[in-house]
Amino acid sequence: MELYLDTADVAAVKRLARILPLAGVTTNPAIVAGGKTPLSILLPELQAALGGQGKIFAQVIAARAEEMVEEALQLRAILPDVVVKIPATTEGLAAIRQLKKEAIPTLGTAVYGAAQGLFSALAGAEYVAPYVNRIDAQGGNGIQTVEALQQLLALHAPGAKVLAASFKTPRQALECMLAGCEAITLPLDVAEQILSAPAVTAAVNQFEQQWIKAFGTARLIQEEKSGKE
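Calculation rules
Residues numbered from 1 in each chain as written. Predicted model: local features only at pLDDT ≥ 70, side-chain atom pairs only at ≥ 80, totals over all residues. Heavy atoms only, no water. Axes fitted to C-alpha atoms, helices over the stretch in contact; angles between N-to-C directions. Helix = DSSP H or I, 4+ residues; strand = E, 2+ residues; numbered from the N terminus. Left-handed = near helix turned anticlockwise from the far one by under 90°. Contact = heavy atoms within 4.5 Å. Nonpolar A, V, L, I, M, F, W, Y, C, P; charged D, E, K, R; others polar. Buried < 20%, exposed > 50% of the residue type's maximum accessible area, 1.4 Å probe, protein only. Core = buried A, V, L, I, M, F, W, Y, C linked by side-chain atoms within 4.5 Å.

- Labelled according to an unreviewed UniProt entry, the protein chain appears under the name Fructose-6-phosphate aldolase, originating from Erwinia aeris.

### Regarding the packing of helix 6 (residues 114-123) against helix 8 (residues 142-156)
Next up, step 1: Interhelical geometry of helix 6 versus helix 8 gives an angle of 35 degrees and a closest axis separation of 9 Å. For the element pair helix 6 and helix 8, the recorded crossing hand is right-handed. Across from Ala114, Ala115, Gly117, Leu118, Ala121 and Leu122 in helix 6, the residues of helix 8 making contact are Thr145, Ala148, Leu149, Leu152, Leu153 and His156.
Next up, step 2: Taken together, the residues of the contact of helix 6 with helix 8 sort by class into nine nonpolar, three polar and no charged.

### A few points about unusual backbone geometry
Next up, step 1: Non-glycine residue Lys36 carries a positive phi angle of around 60 degrees.
Next up, step 2: Topologically, Lys36 is positioned in the loop between helix 2 (29-35) and helix 3 (39-49).
Next up, step 3: Using a relative accessible area of 74% as the deciding quantity, one classes Lys36 as exposed.
Next up, step 4: For Ser166, which is not glycine, the phi dihedral falls at a positive 65 degrees.
Next up, step 5: Among the secondary structure elements, Ser166 is positioned in the loop between strand 7 (161-164) and helix 9 (170-178).
Next up, step 6: On the basis of relative accessibility, which here comes to 16%, the residue Ser166 falls in the buried class.

### Observations regarding the nonpolar core
Next up, step 1: By size, the foremost hydrophobic cluster in this structure holds 58 residues, and its most contacted members are Leu153, Phe167, Cys176 and Ile184.
Next up, step 2: At five residues, helix 4 (residues 65-78) tops the list of elements feeding residues into this core.
Next up, step 3: Discounting chain neighbours no more than four positions away, the residues touching Phe167 are Val132, Asn133, Gln172, Ala173, Cys176, Ile184, Thr185, Leu186, Pro187 and Val190.
Next up, step 4: Among the nonpolar cores identified, the runner-up in size contains ten residues, and Phe57, Leu107, Tyr131 and Leu163 belong to it.

Written as structure tokens, this is what we have:
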């Protein structure tokens, strides 16, 4: 499974890349705008934070297909191997088809339905991003949408992958993983919640205190005292 962080926080990516086997970083216009760092600076910094490894995803903001393609080329000029996120609108599908012809990898994003996701994959998107929590917020079932989309891709577009996005809770992410998602992208707060385990910390502290009580030191290996004076 491919694990991504959904963020523009370079410092956080660098910190978590030491801990997690990250496949890369996803961004969107809202995330980038929140950080106020231009893409020309941000994208190389994110790649560097990953140690030069992994995929970086960046999204276009244009509404028309021709302009989306132009922005995709601009993004590739900044970072040659960037994966371009294209909203799975009618114009977006046209842009995905054109970028496929130019061998530029894309992700169909803002997916709220399984059929919509399938169409973006059939158009040529390598990844499809259903918005799990946003689907839930609109009265749908995000996990069921993910499961249906995975079945459709397996049947009709086996070269594409579901990259589940839009999580508010660790449980949503876990359910996607249990459903067999090949890729997920986690917001920083959800990733931190998964990593945070107060009960584990308490258990480890208890082990240490018991060890110190028994041996008078926190060192695992104690030097044996010589019986000679």
